[in-house]
Amino acid sequence: MFRLLPTCKGRHFPQYFQSHGTHHQLYSTSASCAQFWYNDVGNKNKEIDFEFLFQSCTKTHLAKRLHALLVVSGKAQSIFIATRVVNLYASLGNVTLARYTFDQIPNKDAYTWNSMISAYVRNSQFNGAVNCLYEMLLNSQVRPDFYSFPPVLKACGNLLDGKKMHCWVSKLGFEWDVYVAASLVHMYCRFGALTVAYKIFRDMPFRDNGSWNAMISGFCQNGNAAEALDVLDEMRLEGMKMDCVTISTILPACALMDDILQGKLIHLYAIKHGLEFDVFVSNALINMYAKFGNLGHAQKVFDQMSVRDLVSWNSIIAAFEQNGNPDSALKFFSGMQSNGVQPDMLTLVSLASTVAQSRDCQSGRSVHGFILRRCWIVEGVVLGNAVMDMYAKLGIIDYARRVFEEIPSKDVVSWNTMIGGYGQNGLASEAIEVFNLMEGCEDIRPNQGTWVCILPAYSHLGALKLGMKVHGRIIKDSSLLDVYVSTCLIDVYGKCGRLDDAMSLFFEVPRTNSVPWNAIISCHGIHGHGETSMQLFGAMRDEGVKPDHVTFISLLSSCSHSGLVDKGQWCFHVMQEEYGIKPSLKHYGCMVDILGRAGYLERAYDFIEKMHLRPDASIWGALLGACRIHGNIELGKFASDRLFEVDSENAGYYVLLSNLYANVGKWEGVDEVRSMARDRGLKKTPGWSSIELNNRIEVFYTANQSHPQCEAIYKELESLTAKMKSLGYIPDYNFVLQDVEEDEKEYILMSHSERLAIAYGIISTPHKSPIRIFKNLRVCGDCHNVTKFISKITEREIVVRDSNRFHHFKDGVCSCGDYW
């Protein structure tokens, strides 16, 4: 308590707290305060302006002083004044003092109870609000009115509490009140009970704009865009006009329905009725146009805004970021800073993705530092996930792992991001390791995103049995109908050599968009079934599914593997003329590969010269690879010079050029190229081959001597080599890329990783059973020839997937027809 004295000493109200005609000061002793009041009670000129004091209380300590003055003045006995104090404490965020004041009121009315309930809700103490209403119902003589239920319905934390409140609403006869009914609609929509919500909405005798907006919003929040648009049509037929809330609520539904015409009509309505300058409407329009990729319209709306809030800046930055235009997104971020608008966590989420797209590692570290200085990673897991994803896309996977470890409360998205990050960077084993750690977390349950992240890792390693195990879990979780999960499963089976299983799964999943079609076309392509890929493309068109740019990459790649030059050129033409898809560098790279692999090196070079885009490393790399296959040193040297101009840090390109020189015996050229690579600190990726046996993946490196069964493996290889030579096998030393003696060359060939893996498979599996091998580099010509001999000698089918395609060896023949 505080006391009131006519002096200016001690603690007191600020100057603006003094009413006109009084200079009373508040102190801490109620007795003195009371004494002063009674001495001064007759002086009308010194009456305190309590209305002004209520308006001036902006801090809790000032509210306490005012409360003390009200108590000693006797005005706190008024139920209206006491309730106003409750509201004052609540508005200042002190629910404890609001409740204490509430408990001191002897004869509470409905208004007082409603104020306390609202105090809990306004300060996000939702359980307190629900319990307060129960207390009112069970322990007081006051009955709730139609103001009591809307805030409590908002506070219900589960559907059961909501249903109980609904029962009380019905019992007390408030279900027909428009505000209570609209609150019930909101509550049921929040918990996904749309059928109940819509029944309440339909039964309302009168529906105002708030009721219509509640129902439209409910359908939108639950992804029922078509129903939301139907309710909007019904609303307009009943003569109700859309307001700002209606428009900003329904525009996301237009994006969900992919109905830009409806969105533009609503935009036109907003312009006609003068609503387009409302900040919420403008923000919703920006987001809608961004979803359709119409950045010009989104920017026009933004430029015309007279008032922009933080959401406006976040929306326009996200619009350009989500549509792959990082440069413009960064310009808007600079504009945001120039206008003095401080970024929040959502801004930084978009900015992290923008930096990842721009491939700017330095800016990535700056973004991370900005976030660390504000401790936002600790506060929000979403931002931590965004930073992880940024580092993974920048290829700085170690930093991504560090951020992952620093996130205090990881959610399933955190784990998915880390698994996917390793997968994107070719670290499939590490991805599987993180997935196994995730499985050990009791509070984390894998979702569809998890399967989409981990299945490509199994594809990469050829871990068929692990993929099949996940397939069983997906069926159990009823996730098979998700097009992205089912497409990843198709990819696993296809890339693990089980093409029949991939096709069976393909016919079981929804095929209304291009995603599963792209996967099955690609799977047939890497198996060398180019004609089948073309037939599948024809079936795709017959079913009315529109191909996208990925479809044509898969088709062109299939044509390349099968030597279908004419059909590849036809696909390239159809893509542009019939579907209006502009070729990307990947499409151009596939065409160069088609022509070069088929031996049309001059045509491939002419094609590059006529490109509308500047050739990148993949284009020159494709030409260099073709020159290596066909031994064209002159053009290969030219391609390598261009290649090193655009990418001098990829060790694989030095290996290609070195191999080109080695194939024709130009060892001085080999030494020169290897010296260049060493000077740049580059190292060749070591070749390895893996085989999955007994639920384990065994990995063999070239000349591996560390395997427990190493002696048995080499003994088996010696026996197979002797049998092959009796059938006419002659080692091809052109594939030994070292200048050594012939006996050493033969040993080098015999110790290639795929031969070690095949020999291990032979001694570890039953007679005549198939063997599946996975190799990270291309199979060399001598190993390809040897595997044909082994398949005939052992009467086994041997499936080898190298970095480029599948080879099915059976009875001394390979499915590739020696074209790879």
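Just so it is clear, the model here is predicted, and its values are computed rather than measured.

How each quantity is defined
Residues numbered from 1 in each chain as written. Predicted model: local features only at pLDDT ≥ 70, side-chain atom pairs only at ≥ 80, totals over all residues. Heavy atoms only, no water. 1 Å grid on protein atoms, 1.4 Å probe; cavity = no way out; pocket = protein on both sides within 12 Å on 5 of 7 lines; lining within 4 Å. Points joined across faces, edges and corners; volume = space filled by probe spheres on them. Helix = DSSP H or I, 4+ residues; strand = E, 2+ residues; numbered from the N terminus. Pairing = 2+ DSSP bridges. Contact = heavy atoms within 4.5 Å. Axes fitted to C-alpha atoms, helices over the stretch in contact; angles between N-to-C directions. Buried < 20%, exposed > 50% of the residue type's maximum accessible area, 1.4 Å probe, protein only. Polar contact = N/O pair within 3.5 Å; in protein donor to acceptor, adjacent residues only side chain to side chain. Parallel < 35°, antiparallel > 145°, perpendicular 65-115°, else oblique. Left-handed = near helix turned anticlockwise from the far one by under 90°. Nonpolar A, V, L, I, M, F, W, Y, C, P; charged D, E, K, R; others polar. UniProt positions renumbered as here; feature names shortened; annotations may be inferred.

Moving on: empty space enclosed by the protein. Tallied over the entire structure, the rule returns 3 cavities of 30 Å³ or more. For the second largest cavity, the calculated volume is near 40 Å³. As for the second largest cavity, its lining consists of Thr721, Tyr729, Glu746, Leu749, Met750 and Arg755. Counting residues per element, the lining of the second largest cavity draws most heavily on helix H42 (residues 742-750), at 3 residues.

Picture the strands of a sheet paired through backbone hydrogen bonds; they go either parallel or antiparallel. Strand order in this open sheet of 6 strands is S4-S3-S5-S6-S7-S8, and the pairing throughout is mixed. Each edge of the open sheet is held by one strand with a lone partner, namely strand S4 (696-701) and strand S8 (813-814). The pairing of strand S5 (residues 771-775) with strand S6 (residues 798-801) spans 4 bridges and is parallel. Considered in S6, the bridge of Ile773 is made with Val800. Along the sheet, helix H43 (residues 753-764) contacts strand S3 (688-693), S4, S5 and S6; its crossing angle with S3, the most-contacted strand, is approximately 20 degrees.

The next point concerns the pairing of S3. Counted residue by residue, S3 has 6 buried out of 6 residues, so it is predominantly covered. Burial along S3 is two-sided: the residues Trp688, Ser690 and Glu692 and Ser689, Ile691 and Leu693 are all buried. Bridge count between S3 and S4: 6 bridges; the pairing is antiparallel. Within S4, the residue paired with Ile691 across the bridge is Glu698. Both S3 and S5 contribute to a ladder of 2 bridges, which runs antiparallel. Along S5, the bridge assignment pairs Ser689 with Lys775.

Glancing now at the side chain of Ser315. In this fold, Ser315 is placed in helix H18 (residues 310-322). Polar side-chain contacts of Ser315 include one of 2.7 Å to the backbone oxygen of Val311. Excluding its chain neighbours within four sequence positions, the residues that come into contact with Ser315 are Asn283, Ile286 and Asn287.

Our next topic: the packing of helix H19 (residues 326-338) against helix H20 (residues 345-358). Between H19 and H20, whose axes approach to 9 Å, the crossing angle comes to 140 degrees. Judged by the inter-axis angle, H19 sits oblique to H20. Both H19 and H20 take part in a crossing whose hand is left-handed. For the pair formed by H19 and H20, the contact residues are Pro326, Ala329, Leu330, Phe333 and Met336 on the first element and Thr347, Leu351, Thr354, Gln357 and Ser358 on the second. Classifying every residue of the contact of H19 with H20 by side-chain character gives 6 nonpolar, 4 polar and no charged.

Our focus in this paragraph is the UniProt feature "repeat: PPR" (unreviewed entry) in the protein. When the UniProt feature table is mapped onto this chain, "repeat: PPR" (unreviewed entry) is found at residues 109-144, 208-242, 278-308, 309-343, 411-441 and 513-547. Helix makes up 75% of residues 109-144 and strand makes up 0%, while its end C-alpha atoms are separated by 9 Å. Across residues 309-343, the secondary structure splits into 74% helix and 0% strand, with the terminal C-alpha atoms separated by 11 Å.

Glancing now at the environment of Ser459. Here Ser459 lies in helix H27 (residues 448-461). Separated by 35 residues in the primary sequence, Ser459 and Gly494 have C-alpha atoms spaced 8.4 Å apart. With residues up to four places along the chain from it excluded, the contact list for Ser459 reads Asp491, Val492, Lys495 and Arg801. Of the polar contacts made by the side chain of Ser459, one reaches the side chain of Asp491; its length is 3.4 Å.

This next bit is on the packing of helix H4 (residues 79-91) against helix H6 (residues 110-122). Each pair of packed helices gets described by two things: the angle between the helix axes and the distance between those axes. Where H4 meets H6, the axes come as close as 9 Å, and the angle between the chain directions of the two elements is 5 degrees. In this view, H4 runs roughly parallel relative to H6, as classed from their interaxial angle. Within the contact between the two elements, H4 uses Ile79, Thr83, Val86, Asn87, Ala90 and Ser91 and H6 uses Tyr111, Thr112, Ser115, Met116, Ala119 and Arg122. Here the residues of the contact of H4 with H6 are counted per class, giving 6 nonpolar, 5 polar and 1 charged.

Before going further, it helps to examine the side chain of Asp593. Looking at the element boundaries, Asp593 is found in helix H35 (residues 585-597). Engagement of the side chain of Asp593 in a polar contact is seen with the side chain of Ser560, the distance being 2.5 Å. Here Asp593 is in contact with Ser560 and Ala622, once residues within four sequence places are set aside.

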